[in-house]
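Here are the chains, one letter per residue:
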Amino acid sequence: MLFLLVSCSTTKVVYDYDVKTNFKAYRTYSFYEDVGAGFNNLDVNRSLAILEKELSALGYTKAETPDFYINFSGNREGVANNEQVSVGFGNRGANIGIGIPLGSKKVLEKFTLDFIDHKTDQLIWQGISKGTIKEQYTPEQRIAYLEKSIAKILSKFPPEKNN
């Protein structure tokens, strides 16, 4: 049995959607060819597989001529590591101090998921997750993080108002 511990702060997710959209009318989807801006090819392929699995569980089918298209993108920004050990020495005239950082560098990662109506080419739903994560993840930790983020984003799709 494999257990993965993904150490990160709470992922925060925000949503927005067109209140005039009848989400019950949408059953099929496809991805834009150039999805994944800001991600490397490994993360693009991981995200595609996770999205297909999650959307299938929600009852959506991938199709050549879909009801809506999906685009996703991401970006990372460095975050200062504020965990450190400090040591200081001194007397009246001279002081010296040093701080040693603990742990690995953290980054703020943003994952944006857009659903666009096939006929009107208009954005109908958007979910954005933001979380602070370790800069260096193993592939298994990265997959677990993406699964958690995407599942959390899709937890509010379709909007309850239109179920």
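Residues numbered from 1 in each chain as written. Predicted model: local features only at pLDDT ≥ 70, side-chain atom pairs only at ≥ 80, totals over all residues. Heavy atoms only, no water.

(A) Here's a closer look at the pairing of strand 7 (residues 106–117). Of all twelve residues making up strand 7, nine are buried, and the element is well covered by its neighbours. Hairpin connection from strand 7 to strand 8 (residues 123–134): five residues lie between these consecutive antiparallel strands, with D121 at a positive phi of about 60 degrees. (Buried < 20%, exposed > 50% of the residue type's maximum accessible area, 1.4 Å probe, protein only. Helix = DSSP H or I, 4+ residues; strand = E, 2+ residues; numbered from the N terminus. Pairing = 2+ DSSP bridges.)

(B) Examining the packing of aromatic side chains more closely. Using the criterion set out here, one finds 19 aromatic pairs in the structure. Summarising the aromatic geometry, the rings of Y32 and Y69 are spaced 5.0 Å apart at their centres and angled 15 degrees between planes, so their arrangement reads as stacked. Of the two residues, Y32 sits in the loop between strand 2 (28–31) and helix 1 (41–57) while Y69 sits in strand 4 (residues 68–79), which places them 37 residues apart along the sequence. Site record: aromatic cluster; members linked through ring pairs are Y15, Y17, F23, Y26, Y29, F31, Y60, F68, F115, W125 and F157. The cationic tip of R27 hangs over the ring face of Y60; the distance from NZ or CZ to the ring centre is 4.5 Å. (Phe/Tyr/Trp six-rings, centres within 6.5 Å; stacked < 30°, edge-to-face > 60°. Lys NZ or Arg CZ within 6 Å of the ring centre and 35° of its normal.)

(C) Spotlight on the pairing of strand 8. In this sheet, strand 8 lies alongside strand 1 (residues 12–17) in antiparallel orientation, the contact comprising six bridges. Each bridged residue has a counterpart across the sheet, and for D16 the counterpart in strand 8 is Q126. Judged from the eleven bridges that link them, strand 7 and strand 8 form a sheet pairing that is antiparallel. Among the inter-strand pairings, E109 is bridged to a residue of strand 8, identified as G131.

(D) Fine view of helix 1. Across its 17 residues, helix 1 extends 24 Å between first and last C-alpha, which sits within 8% of the 24 Å expected from 1.5 Å per residue. D43, V44, R46, S47, L48, I50, L51 and L55 are the residues of helix 1 that are buried. The backbone nitrogen of L42 lies 3.0 Å from a side-chain oxygen of the residue at the head of helix 1, namely N40. Looking one or two places after helix 1, you find G59, whose phi comes out positive at around 95 degrees. (Expected span 1.5 Å × (residues − 1). Polar contact = N/O pair within 3.5 Å; in protein donor to acceptor, adjacent residues only side chain to side chain.)

(E) Up close: the pattern of salt bridges. For the coordinates displayed, the defined rule picks out five salt bridges. For the salt bridge of D43 with R142, the shortest nitrogen-to-oxygen distance reads 2.9 Å. One end of the pair, D43, is in helix 1; the other, R142, is in helix 2 (residues 139–154), and 99 residues separate them in sequence. Side by side, D43 and R142 carry an identical accessibility label, which is buried. A salt bridge links E109 to R142; its shortest N-O distance comes to 2.9 Å. In this pair, E109 sits in strand 7 while R142 sits in helix 2, placing the two residues 33 residues apart along the sequence. One salt-bridge network, held together by shared partners, links D43, R46, R76, E109 and R142. (Salt bridge = Lys/Arg side-chain N within 4 Å of Asp/Glu carboxyl O.)

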